[in-house]
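What follows is each chain in one-letter form.
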Amino acid sequence: MSLTAGIVGLPNVGKSTLFNAITKKNILAANYPFATIDPNVGTVTVPDKRLEFLNNLYLPERLIPTTFEFTDIAGLVKGASKGEGLGNKFLSHIREVDAICEVVRCFEDENIIHVENGIDPIHDIEIINVELMLSDLEIIENRLSKIGKKAALSKDKDAKIEYALMEKIKETLLKEVPVRRLNFTEEEAKLLKPFNLITAKPIIYMANVAEEDLLEKGNAYTKRVEEYAQKEGAKVIVVCAKIESELSELSDDDKAIFLQDLGIEESGLDQLIQATYDLLGLSTFLTAGTDEVRAWTFKKGYKAPQCAGIIHTDFEKGFIKAEVMSYDDLEKHGSEKAVKEAGRLRLEGKEYIMQDGDICNFRFNVTK
C-alpha cells in the first residue's frame, strides 16, 4: 500500500533539511528560494518496536518493516495559484500526495533569508493555505461552469447533487475555510474524490525551532501555531531540523544516547512518521516465521480478506480463514505454542475486522 505525505512550506523554513534527515538523502538544501524544483521522494520505515521482539523470537532470514513515502515539494510563495514562483507546477505535485506536512518557521536566524522578511508563523501558514484554497476554488468554479446548465435544465439527479456540492465547497473556500473542515455524506465524498482537492487532504503542522527551544518544548511562535491548528483539529509537532539532521547520521544506539542526553524520548521525525501514519487511518498487521518477519500497512476497518490481498491478490481471491494471534498475547506468553495452549490463537473468517498488531497466517485456495 503506497501512501505519500508531501512536505510543504515557504522557502527557507527547513523543509529540505528535514527531508534529508527523514530519508538520509543528500538532496540540495540551499539558502535561497526554489533550491528544490522537482519533488524529491524518499521512502522511510515506520518505527515499530514490535519488530525487534519478533526478530529475536523467530530469527528470520529477512526482517521487513512497513514503509511510507515523503515527498519534498518546492517552496511556495504568495501568488503561486496565479503562477508566481513555481506556481502550478508546485500545486500539481501536492495534489498527488495523501496528506500534507506543512513546515512552519518558528526560529530566528539573521543568516537565513525569510522570503517574507519577518518571522510570523501564522502569516506564513495563511499565505500557503490561501494559495491552496485559491487553487481548489479555480477547479470548483470550472466544474460549476460545466455542469451548471445540465443541473438546472435536466432531471439528472446526480448532476443536481454534484452542483449543490460544488456550490457548498465554493462558498466555504470563499470564506477562506479549507475543505477538510467540511463534513460529507458517503455519496458526496465519492463525487468529490476525482477532483483531488488539496485543502481536503489531512494536515500536520511541523514547527521548526532552534535547538534551545526544542529542549523547552517550543516557544511563543509554536504556541501560536498550536492555537491555529486547534481550530481544524490538526496536530503540531515541534522539531529542530538541525538536530534531526545530526540524528540521521547516527546509528540507532548512538541516536538513543543522544536523545537521552537531550532529555527527549522520541525524535521529531519519528513522531512525524507515526503521526502521519495515524492521520491517514493506517494500522499494521504482521506476518512472522523463520523465513521472514514483516510488517504490512492496512487501512483501519479492513477485513481479513482485504488484508490478505495486500500480500497477494490470490490470498484475497481464495481466502478461507485467517489464523490470528495478537502481538500482545505473543509477547505475554513467549511463543506461538504457548499462545495456542492458552487458547489465544484464533481462526477468523471473512467478516473479521483486522486490528493493529494482529499476527496472521492466511489460509487460501485458488483453483486454476
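Whatever comes next refers back to the structure up there.
Residues numbered from 1 in each chain as written. Predicted model: local features only at pLDDT ≥ 70, side-chain atom pairs only at ≥ 80, totals over all residues. Heavy atoms only, no water.

K.L.:
Help me out: how do you make sense of the overall build of the protein chain in this one?
P.N.:
For the protein chain, the helix and strand inventory stands at 15 helices and 12 strands. The buried share of the protein chain, taken over its 368 residues, is 48%. Pairs at least 24 apart in sequence give 69% of the contacts found in the protein chain among residues at least 6 apart. When the accessible surface of the protein chain is totalled, it reaches about 18900 Å², and 47% of it is carbon and sulfur. (Helix = DSSP H or I, 4+ residues; strand = E, 2+ residues; numbered from the N terminus. Buried < 20%, exposed > 50% of the residue type's maximum accessible area, 1.4 Å probe, protein only. Contact = heavy atoms within 4.5 Å. Areas by Shrake-Rupley, 256 points an atom, 1.4 Å probe, with all protein chains shown as cover.)

K.L.:
How should helix H12 (residues 304–311) be read in this particular structure?
P.N.:
Since there are 3.6 residues in each turn of an α-helix, residues three or four apart along the chain are aligned in direction. For H12, the set of buried residues is Ala304, Pro305, Cys307, Ala308 and Gly309. Contacts from the buried residues of H12 go to strand E8 (282–288), strand E9 (292–299), helix H13 (313–317), strand E10 (319–326) and strand E12 (358–364).

K.L.:
Looking at this model, I keep getting lost on the environment of Pro47. Mind explaining?
P.N.:
Mapping Pro47 onto the fold places it in the loop between strand E2 (40–45) and helix H2 (50–58). We classify Pro47 as partly exposed; its relative accessible area is 30%. C-alpha separation for the pair Pro47 and Asp270, spaced 223 residues apart in sequence, amounts to 6.7 Å. Setting aside chain neighbours within four positions, we find Pro47 in contact with Asp270, Ile273 and Gln274.

K.L.:
I'm lost on the packing of helix H4 (residues 121–153) against helix H5 (residues 157–174) in this one. Help?
P.N.:
In helix packing, the relevant descriptors are the interaxial angle and the interaxial distance, both defined with respect to the helix axes. At their nearest, the axes of H4 and H5 sit 9 Å apart, and the two run at 150 degrees to each other. Accordingly, the angle class assigned to the pair H4 and H5 is roughly antiparallel. The interaxial crossing formed by H4 with H5 has left-handed handedness. Together, Met133, Asp136, Leu137, Ile140, Glu141, Arg143, Leu144, Ile147, Gly148, Lys150, Ala151 and Ala152 of H4 and Ala159, Lys160, Glu162, Tyr163, Met166, Glu167, Ile169, Lys170, Leu173 and Leu174 of H5 make up the contact between the two elements. Of the residues contributing to the contact of H4 with H5, the split by class is 13 nonpolar, 1 polar and 8 charged. (Axes fitted to C-alpha atoms, helices over the stretch in contact; angles between N-to-C directions. Parallel < 35°, antiparallel > 145°, perpendicular 65-115°, else oblique. Left-handed = near helix turned anticlockwise from the far one by under 90°. Nonpolar A, V, L, I, M, F, W, Y, C, P; charged D, E, K, R; others polar.)

K.L.:
What is the right way to look at the pairing of strand E5 (residues 99–105) in this model?
P.N.:
Each regular strand displays side chains that alternate between the two surfaces of the sheet. With 7 of 7 residues buried, E5 is to be regarded as a mostly interior element. Across the two faces of E5 the burial is the same, with Ala99, Cys101, Val103 and Arg105 and Ile100, Glu102 and Val104 all buried. Pairing of strand E1 (residues 4–8) with E5, which is carried by 4 bridges, proceeds in the parallel orientation. Opposite Val8, over in E5, you have Glu102 as the bridge partner. (Pairing = 2+ DSSP bridges.)

K.L.:
What exactly am I supposed to notice about the sheet that holds strand E4 (residues 67–72) here?
P.N.:
Backbone-to-backbone hydrogen bonds pair the strands of a sheet. The strands run either parallel or antiparallel. Sheet architecture is open: 6 strands sit in the order E2-E4-E1-E5-E6-E7, paired in mixed fashion. Pairing within the sheet leaves two strands with one partner each, and these edge strands are E2 and strand E7 (235–239). Across the sheet, the axes of successive neighbouring strands diverge by a mean angle of 25 degrees, strand direction being ignored. As defined by bridge partners, E2 adjoins E4 across 6 bridges and the pair is classed as antiparallel.

K.L.:
Can you walk me through the packing of H4 against helix H8 (residues 220–230) in this structure?
P.N.:
Two elements in contact, H4 and H8, have axes separated by 9 Å at closest approach and are oriented at 40 degrees. In terms of their interaxial angle, H4 and H8 are classed as oblique. Here Pro121, Ile122, Ile125, Glu126 and Asn129 of H4 come into contact with H8, specifically with Tyr221, Arg224, Val225 and Tyr228. When its residues are assigned to classes, the contact of H4 with H8 shows 6 nonpolar, 1 polar and 2 charged.

K.L.:
Can you help me understand the layout of surface pockets in this one?
P.N.:
Gaps between atoms show up when a probe of the same size as a water molecule is rolled over them. Estimates place the volume of the largest pocket at around 1200 Å³. Taken together, 32 residues make up the lining of the largest pocket; nearest its centre are Pro47, Asp48, Asp252, Lys255 and Asp270. Residue assignment for the lining of the largest pocket shows that the elements contributing at least two residues are helix H1 (15–23), E2, H2, helix H9 (241–247), helix H10 (252–262) and helix H11 (268–279). Of all the elements, H10 adds the most residues to the lining of the largest pocket, at 5 residues. (1 Å grid on protein atoms, 1.4 Å probe; cavity = no way out; pocket = protein on both sides within 12 Å on 5 of 7 lines; lining within 4 Å. Points joined across faces, edges and corners; volume = space filled by probe spheres on them.)

K.L.:
I would appreciate a short explanation of the pairing of E1 in the present structure.
P.N.:
Buried residues dominate E1, accounting for 5 of its 5 residues. Pairing of E1 with E4 involves 4 bridges; the strand directions are parallel. Residue Ile7 lies in a different strand from E4, and its bridge partner there is Asp72.

K.L.:
What's the story with the environment of Ile140 in this structure? I'm lost.
P.N.:
Note on placement: Ile140 falls in helix H4. Residue Ile140 is classed as buried on the basis of its relative accessible area of 0%. Remark: the alpha-carbon pair of Ile140 and Leu165, spanning 25 residues in sequence, is separated by 9.7 Å. Ignoring sequence-local partners within four residues, the contact set of Ile140 consists of Met166, Ile169, Lys170, Leu173 and Leu197.

K.L.:
Hey, could you run me through the pattern of salt bridges in this one?
P.N.:
Side chains that differ in sign of charge can pair as their charged atoms come close. Enumeration according to the criterion identifies 16 salt bridges in this entry. Glu171 is the partner of Lys175 in a salt bridge, and the nearest nitrogen-oxygen pair spans 3.4 Å. You can call Glu171 partly exposed: its relative accessible area is 46%. Its salt-bridge partner being Glu323, residue Arg363 comes within 2.9 Å of it at the nearest N-O pair. On the criterion of sequence distance, the pair formed by Arg363 in strand E12 and Glu323 in strand E10 is long-range, its members being 40 residues apart. Using a relative accessible area of 22% as the deciding quantity, one classes Glu323 as partly exposed. Each member of the salt-bridge network shares a partner with another, and the members are Asp48, Arg50 and Asp356. (Salt bridge = Lys/Arg side-chain N within 4 Å of Asp/Glu carboxyl O.)

K.L.:
In this structure, what is going on with the packing of aromatic side chains? I would like to understand it.
P.N.:
For any pair of aromatic rings, the description consists of the separation of the ring centres together with the inter-plane angle of the planes. On inspection of all chains with the given rule, the structure shows 8 aromatic pairs. Both rings, one in Phe68 and one in Phe70, keep their centres 5.4 Å apart while their planes meet at 55 degrees; by these two values the pair is tilted. An identical accessibility class is assigned to Phe68 and Phe70; each is buried. With centroids separated by 6.2 Å and ring planes inclined at 10 degrees, the aromatic side chains of Phe285 and Trp296 adopt a geometry described as stacked. Of this pair, Phe285 sits in strand E8 while Trp296 is found in strand E9, placing the two residues 11 residues apart along the sequence. We note that Phe285, like Trp296, is buried. Of the aromatic side chains, those joined through ring pairs into one cluster are Phe285, Trp296, Phe298, Phe319 and Phe362. (Phe/Tyr/Trp six-rings, centres within 6.5 Å; stacked < 30°, edge-to-face > 60°.)

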